[in-house]
Structures are given as C-alpha cells and as structure tokens.
Protein chains: 2
Amino acid sequence: MKIFYNDILTNEKREKLFSREKISNEELYSVIQPILNDVKKNGNNAVLKYAKKYDNYDSSQILITNKELKSAANKIDTELKKVINKAYTQIYKFHKCQKPKNYKIQTIAGVTCRREFFSIENVGLYIPGGNTVLISTMLMLGIPAKIAKCKRIVVCSVVKDNEINSGLAYAALKCGVNEFYAIGGAQGIAMMAFGTETIKKVDKIFGPGNQYVTAAKNLVSIDDDGCIIDMPAGPSEVLIIADEFADPCFIAADLLSQAEHGNDSQVILLTTDEKLITKVTEAITKQLKILPRNSFAENSLKKSFILLVNSIKEAVALSNNYAPEHLIINTKNAVKVSSQIKNAGSVFIGAYSPESAGDYTSGPNHSLPTNGYAKATGGVSVESFLKPITFQTLTKRGLKRISNTVIKLAEAENLEAHANAIKIRL
Amino acid sequence: MKIFYNDILTNEKREKLFSREKISNEELYSVIQPILNDVKKNGNNAVLKYAKKYDNYDSSQILITNKELKSAANKIDTELKKVINKAYTQIYKFHKCQKPKNYKIQTIAGVTCRREFFSIENVGLYIPGGNTVLISTMLMLGIPAKIAKCKRIVVCSVVKDNEINSGLAYAALKCGVNEFYAIGGAQGIAMMAFGTETIKKVDKIFGPGNQYVTAAKNLVSIDDDGCIIDMPAGPSEVLIIADEFADPCFIAADLLSQAEHGNDSQVILLTTDEKLITKVTEAITKQLKILPRNSFAENSLKKSFILLVNSIKEAVALSNNYAPEHLIINTKNAVKVSSQIKNAGSVFIGAYSPESAGDYTSGPNHSLPTNGYAKATGGVSVESFLKPITFQTLTKRGLKRISNTVIKLAEAENLEAHANAIKIRL
C-alpha cells in the first residue's frame, strides 16, 4: 500500500488520491446494450445463447423447478445449515424493525389524506453464482423481500456444471423464493427486466454483480421497457480510521478481507499514528501469504493507500467526504467518533466489530452503496421492497375550502382545465 | 376518445391498448449524451452555450443571487402570496408525518445494531420554467427537502427574458433554497450532476421535465461521475374508474385537466355504465371549447380511450395492472373500491376529489411515478431526501458468539480473509 502524509498533500493531490478509479462506462454500455436488445426481442433463445457464450452453460434449462431446488437443498451439510439458520435469525431480527408506518391526517377540515405502504409484487434478485456462490447475499436480499411480503420472489444465479449449490438452494427456499433461474450475467438481468415468452417481467431488480451485471442493471433502469433497480453499484470499498490504540493485526486482517473481493476493491487506512503504519504493512505481508485469494488482494492493495492524518477529526472529515461503503472505526473513543459520521453505507465501531461480522450475520444489510453514493442512499432494506401510495378524500365542503388556492395556483401556471375541474364541482 | 368494450377485446388487443407509447430512448440518448459530456468537460461555458442554443438565453449569468431572488419575490401579487402560503401549510402538514424512526437492537447478546437517518446534504431540484413556471412543483420538492433538513438546496429553472417569476422566487425562498440557477434543460441537469468550476455537484436530483430533461436525468444516473435521481419519469397519466352514479361533467373536467398537460399525456376512463360514455364525450366537446390549451388536450385525447367494463372489480384489476400515476375513483362506494388498489401513484377517492386538488394543495406530493413505475416506487417524500446509515458495535464476547457462523459462511464462499478477520481477534 502506498503511504501519504495529509499535511504535505496539495488539495489537488488529495482529491486525486480519494477519487475512485472510473471504468469507461460508454464502452461497457456499448457492449451490453446489444445483449439487452437481443433478449428483449428474442427472449429465451437469446438468453441461452449468451449463457452458453459467456458462462459455458450447455443446458437448455432456464428454470430450476421447485422439486430440483428442494432436492439440492436436501444435500446441504448439517453444519452449514445450522449457520445459515443462525445468520437468518439475526438478519431477520434487525430487518423486521424496518416496516414503515401508514398514517392518515386531515390537512384541513374536509380534506383527509393518508399514506399506505404496499409490497412490490414482483422482485428479481441477482445472486452471484458460478465459482463463488454468495449464499450470504441470498439472505441479505431474500429476508427483506420476505418481510415485505413480496408475492413473487425471482432469483437469477449462474449454475455451474448443472450442479445447484445446496447452500444457496437451502437459503433461497428459506426466504420464500418462488422462481429460480440458472442464468447469470447481462442476459439474466435482461430476462428479469423485460420478461420473455415464459418469464413474467419483474418490477424491480436487486443485487450485486460484476461490471457487466452492473452495466446491464444501469441500462435496464433507463429503458422504458425495463424496470427500476436497487442502486447503482461499483467495486466494494472499506475505509478504516485507527489511532495508536488499534491492534495492527486486526487492521491488516480487515484491509485484506476487503481486498480479497477482487482486483478492483478499494481499501483505505486513515491513522493518526505513524508507528501503526509500519506495523500494519508488516502484518499485511505476513497474513497475505496464507490467503488462497492473495493475488486479488495484492492487486487491490497496489492501488490502495494509507494516509497519516493529524487528528481523528481530520480523518472523519475526509471519510464523510469520501462516503465509504464500509467504515471501520478502530479508535479508543470509537462510539464518540461514530457520532460524527454523516456519509457511509455501514459503520463498524470498535476493535471487535470487523466488516466480516456484518457481511454475514450481525444483522444490518451488506448490500450497500459504493462509489460515494452513500451520500445519497442507504443499503437495501425492507423499505426497498415496498412502495407508498397516497390517498385523498375530499368532502364538498373540504373542496370548497381549498378551491380558491387551487384555482389561483392553476391560473398562475396557465392550467385552466385544472381550475375548471374545481369550478365545475362547486 | 376511442371507445372499446372489454368483453370483446382479445388479450393481445387489451394489452396493446393499455401499453404506453414508447419514445425511442436510444435516439434521444444519443442527442443528450454529447451535451452532458460537454458540460462535464467544459463547465459553465458549455452550460451557457446550450442555454443560448435551446432556450434563447442571452445572458452570461448562471447564478441568481439571493438579493435578486428576494427582489423578485417582493414583487409577488398579494393574492398569489396568500394561496402559496395556504398550499405550503397543507403540504407541510402532510409531509411532516413522514420522518422515519431510528432504532437500535441487540440481534444477539453483545451485538448491538442500529439504523439512523441522515439528510442528503446537497440536493438539486429541477423546476420547469420558461413559459409555464411550475410554482407548485417548487413547493412539492422544496417542502420535503426542508423537512429533511437538507443543508444545500439547489434549484435549476429556465428564466425567460431575465425576468424571474415572482411566485417561483417567493416559493423557493419559503422552502429555504440556497442556490438558484437560471438554467434549464439537459445542461441544467448536467450542471447539477457533475458540478462546474463555480458550482459544487449535488448528491441527488429531483423533479419533472420534458423528454430532454428526463433523458438527461436518466443518463447522469448511470454515469459514475453523476448522481442518483428521484425516479424515472414519462408523460403524465390519469385513469378514472366511474359508475352510473358519477357526474359526466366532473369526469370530463378531470380527463381534460390531465390532457392539457401536453400532447403526450395519457387519459383513460374505465366505466361500467354505457350511457355515461356518451354523456362524458359530449361534456368533453363542450368543455374543450373554453380551454386555452385545447390543442394539447385534443392531441392527448386522440390517443386516449374509454373502456366499458362489466364490473368495478374488473376495472380495479385493469387499473392495478396499468399502475396509473393518478387514479380517480368516482363511484358510489369509492372508499371500498380504493381498498382494493395495489398499484398507483396517488389515489383520489369520490366525486369531490379531483386530481387538481392534489396537484396543488391537498397535501400529498404531486411528483409521482409514471410509465407503470408505480408498481415499484412511490412519489417523492421526506424519505427521498434522507438516507439511512447502519451502525454495529460488537463486544469481544459478542464476536465470539457469532464467530462460528461467520467463519463457516466465509469458508463456504471461499473468502478466507473474511474468516481470518474473526480468527485473529479471538
């Protein structure tokens, strides 16, 4: 990891340091758009064509039947089943507090207005599959969908060698998934967004994926025939704030657990302690050796950095400006420091709160905003699977009471027919 | 308006009837993308170039100073000021109930998790200006932004002939707008999304606009340098469900108040009463004559339709499938009918609840999902200007309690470094 000193950085250099690596979207989009168009036009045939091309999928089966799913789930290892159940319980417990309240008020006598939340009926969950099957993501998306009582929960996930991952099958069934498709990639996103001759389109798509999946999600979200998506996504990130009381081995392990995700993961350490920097880099070198995915980690670390700051306050300001997906606060007064956080996806407070605890089981969601989007949006929640509808009932006297306001404002906007809809009633 | 009978429609024809007219997005996007790229690269110069080209804006002033805004607001007509204040009060009253609650729980002993909502710091509101200045939209976006305590509320709105609309200026100041820019169109969206040499970029953009504005919003929402947006948008829509007890003049007025918005507005009437159809069409002809914007209304009506259905239940099913932006229920048991609604932006219940009441002052927001997006999202709300952050604090014993779950799941996903971040701590 590169090491910098905040004191001697120019504003320009600091800005460059914290700016995320950008992918050339336009190029990526020009590759993905034709795939989407093809699936929109040619349905399942196109889906299978791209699954074969990009995932070596050599079956003509798109839907995994419930029977097949159950049969796969039955093969689950007893210990894995036990920990999935435990994680499920904790994630469920945290998310079930998220159901928003309906309300009803009179805004003026005779004008009764209310707001009520409804489930999104058809939701599509993209679960990365293939070599690394993300069972935890199945729980993180499936549990809030289940709490929100979504009627139809669709999953898309690449199935390798016709062997459905038993842990994923078990988790999917536990979350109440109704339809499971053995398709991933842009073709999986297109299939859910547009529908095909056998698959009904969904209303919203959730879930992480590689850059092709992300590009496909973005493109269907701005296509009139497509659907909305949970949030825009980029490579995963962690920022750690640490002082002289932090254990360098813990920090090294946390940096590496983010770095192993992929070549493009972003990890940043901000610290007030110069000695800690040496100790952390030594610990990283030591820990890297024993990791099976160390080539990913090494590549990410090359692009990552440690910054020496003058105070924790300075670190907090830099972090709020960066808006990391994950923020670990490993300082003496971590709780106090956390009260100054304004922009982050999820915050891990104190020495014994590593990101990986939250990735799997603490309770909060792990589908979080990256690329600075934490300034504007939070992670996936039960509300992400609901939508509010507003209702209003006016009595004749209520309408009379507001009539002058509506008519004057409509006339100020040159919308005479709007005014007329009031006048004609009174 | 064309008239159809649901009984004799084939499924295919019915589907076609209810399908919205699609704009060729790809073509539109290819026109707008270069404008966005230019503003991203060349800042204010590019902004002014396109403002001159598309809006005949012949000034070099982008920012309207607070002094200028106040001076414009002071010129407001007394009666208009009074009704803006009245509308403000009702809209404020409805929206202030929308602040979501923070919460904190232990998901297991030693694992404390909480969720807290924070304001989005920088928000950009696009307010259609020029010939029709939407003062009401200023209130509908500004009020929830103010309730959410957004620190920096930016407005973009075309100013015609260097004359700032006094009603808009008054409403903007009342909502606490900090920065007001005299720029509209795609260049206005680009300016807010990317920032320029004098303007700091915003975190989220809200507001309606023509097809160019909508295309620009969509494109910045999938640009890594851009920002997220409130929702995708299309032409405005109303669907009315009516029975034999409905007054045909009311229905005609409601259809026309939607139709006058623009050539592409969508209006639909579903009724169980064949006689009502004749009466409504007669009333439309009569009312059309006196409307200043009747050319817009006539164009929209040509593409719109009335459908005779067998029952209100049938009408509700069709409406839930269409998911209209606005739904008016003008039937005898309107409240009961409304309890069956599952997909709609905003619902108007009974004979004295016209859409225009809600467009201006009833209380609920008028920025609503079109194009069927009401299946997946609601209108703009206070929550649209907030984002949740999750926090977790684990004790050493808490971490120990969940350690086996994390380690087993991490190993099942081949993420050894995730497991190691736990092992190293215990």
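If you're wondering where the values come from, they're calculated on a predicted model, not measured in any experiment.

Undergrad: Sorry, what's going on with the relation of the copies chain A and chain B here?
TA: Two copies of one chain are present, and they are related through a rotation about an axis combined with an axial shift. Overlaying chain A on chain B yields an RMSD of 0.0 Å, the required transformation being a rotation through 180 degrees with an accompanying axial translation of 0.0 Å. A rotation of that kind, with that shift, is consistent with a two-fold axis. In terms of proximity to the rotation axis, the leading residue of chain A is Pro100(A), whose C-alpha is 3.6 Å off the axis. Counting the interface residues of chain A, we find that 100% of their copies in chain B are interface residues as well, pointing to one common contact surface.

Undergrad: It is not clear to me how the sheet that holds strand 9 (residues 228-229) of chain A should be interpreted in this structure. Could you clarify?
TA: Sheet strands associate in pairs through backbone hydrogen bonding, adopting either a parallel or an antiparallel arrangement. Residues and elements named next belong to chain A. Within the open sheet, the six strands sit side by side as 2-7-6-5-8-9. Their pairing is mixed. The open sheet has two edge strands with one neighbour each: strand 2 (63-64) and strand 9. Where strand 2 meets strand 7 (residues 179-181), two bridges bridge the pair, whose relative direction is antiparallel. By the bridge assignment, Ile 64 is partnered in strand 7 with Phe 180. Across the sheet, helix 5 (residues 135-147) lies against strand 5 (122-126), strand 6 (152-156) and strand 8 (204-206), angled at about 170 degrees from strand 5, the strand it touches most.

Undergrad: Looking at this structure, I do not really get the sheet that holds strand 12 (residues 305-308) of chain A. What am I missing?
TA: Pairing in this open sheet of nine strands is mixed, and the strands run 1(A)-12(A)-11(A)-10(A)-13(A)-14(A)-15(B)-4(B)-3(B) from one edge to the other. The open sheet has two edge strands, strand 1 (2-5) of chain A together with strand 3 (103-108) of chain B, and neither has a second partner. Here the average twist between neighbouring strands, direction ignored, is 20 degrees. Sheet topology note: the strand 4 (residues 111-119) of chain B/strand 15 (residues 386-394) of chain B ladder contains nine bridges and is antiparallel. Residue pairing for strand 15 of chain B: Phe118(B) is matched across the bridge by Lys387(B).

Undergrad: What should I look at first to understand the interface of chain A and chain B in this one?
TA: Put simply, an interface is often sized by how much accessible area is lost when its parts join up. Facing the 126 residues of chain A at the interface are 126 residues of chain B. Carbon and sulfur atoms make up 58% of the surface buried where chain A meets chain B, a total of about 11000 Å² over both sides. Its largest share of buried area at the contact with chain B, chain A owes to Tyr352(A), Gln392(A) and Arg425(A), together 8% of the area lost on that side. Its salt-bridge partner being Arg115(A), residue Glu383(B) comes within 2.6 Å of it at the nearest N-O pair. Linking chain A with chain B are 64 residue pairs in polar contact (both at pLDDT 80 or more). In the side of chain A that touches chain B, the residues fall into 61 nonpolar, 39 polar and 26 charged. Bridge count between strand 15 (residues 386-394) of chain A and strand 14 (residues 346-349) of chain B: four bridges; the pairing is parallel. Within strand 14 of chain B, the position partnered with Thr393(A) by the bridge is Ile349(B).

Undergrad: Whenever I open this one, the pattern of salt bridges confuses me. Can you help?
TA: Using the criterion set out here, one finds 28 salt bridges over all chains in the structure. A salt bridge links Lys303(A) to Glu21(A), with the nearest nitrogen and oxygen atoms 3.5 Å apart. With a gap of 282 residues between them, Lys303(A) in the loop between helix 11 (294-302) and strand 12 and Glu21(A) in the loop between helix 1 (11-18) and helix 2 (25-55) connect regions that are remote in the sequence. Residue Lys49(B) is joined to Asp38(B) by a salt bridge in which the shortest nitrogen-to-oxygen separation is 2.7 Å. You can call Asp38(B) buried: its relative accessible area is 13%.

Undergrad: So what exactly am I meant to see when it comes to the nonpolar core here?
TA: Of all hydrophobic cores here, the largest spans 204 residues; its most connected members are Leu125(A), Met138(A), Leu125(B) and Met138(B). Leaving out residues up to four positions away in the same chain, Met138(B) has contacts with Leu125(B), Ile127(B), Ile143(B), Val155(B), Leu168(B), Ala171(B), Ala172(B), Cys175(B) and Val177(B). Core analysis: the second largest hydrophobic core is formed by 26 residues, Leu17(A), Ile312(A), Phe118(B) and Ile389(B) among them.

Undergrad: Help me understand the packing of aromatic side chains in this model?
TA: The description of an aromatic ring pair uses the distance of the two centres, along with the angle that the planes make with each other. Scanning the model with the defined rule gives 18 aromatic pairs over all chains in all. Their ring planes at 10 degrees and their centres at 6.3 Å tell us that Tyr50(A) and Tyr54(A) sit as a pair that is stacked. Pair noted here: Tyr50(A) and Tyr54(A) are both in helix 2, with a separation of four residues, about one helical turn. Residue classification places Tyr50(A) among the buried residues on the basis of a relative accessible area of 9%. For Tyr54(A), a relative accessible area of 44% gives the class partly exposed. Taking 5.7 Å as the distance between ring centres and 25 degrees as the angle between the ring planes, the aromatic pair formed by Tyr88(B) and Tyr92(B) counts as stacked. One end of the pair is Tyr88(B) and the other is Tyr92(B), both in helix 4 (residues 78-95) and four residues apart, which spans about a single turn. Over the ring of Phe391(A) we find Arg114(A), and its NZ or CZ is 3.9 Å from the ring centre.

Conventions adopted
- Residues numbered from 1 in each chain as written.
- Chains lettered and ligands numbered in written order.
- Predicted model: local features only at pLDDT ≥ 70, side-chain atom pairs only at ≥ 80, totals over all residues.
- Heavy atoms only, no water.
- Least-squares fit on C-alpha atoms with pLDDT ≥ 70 in both.
- Contact = heavy atoms within 4.5 Å.
- Pairing = 2+ DSSP bridges.
- Helix = DSSP H or I, 4+ residues; strand = E, 2+ residues; numbered from the N terminus.
- Axes fitted to C-alpha atoms, helices over the stretch in contact; angles between N-to-C directions.
- Buried area = accessible area lost by both parts, 1.4 Å probe.
- Salt bridge = Lys/Arg side-chain N within 4 Å of Asp/Glu carboxyl O.
- Polar contact = N/O pair within 3.5 Å; in protein donor to acceptor, adjacent residues only side chain to side chain.
- Nonpolar A, V, L, I, M, F, W, Y, C, P; charged D, E, K, R; others polar.
- Buried < 20%, exposed > 50% of the residue type's maximum accessible area, 1.4 Å probe, protein only.
- Core = buried A, V, L, I, M, F, W, Y, C linked by side-chain atoms within 4.5 Å.
- Phe/Tyr/Trp six-rings, centres within 6.5 Å; stacked < 30°, edge-to-face > 60°.
- Lys NZ or Arg CZ within 6 Å of the ring centre and 35° of its normal.

None of the figures reported here should be taken as evidence of function without further support.
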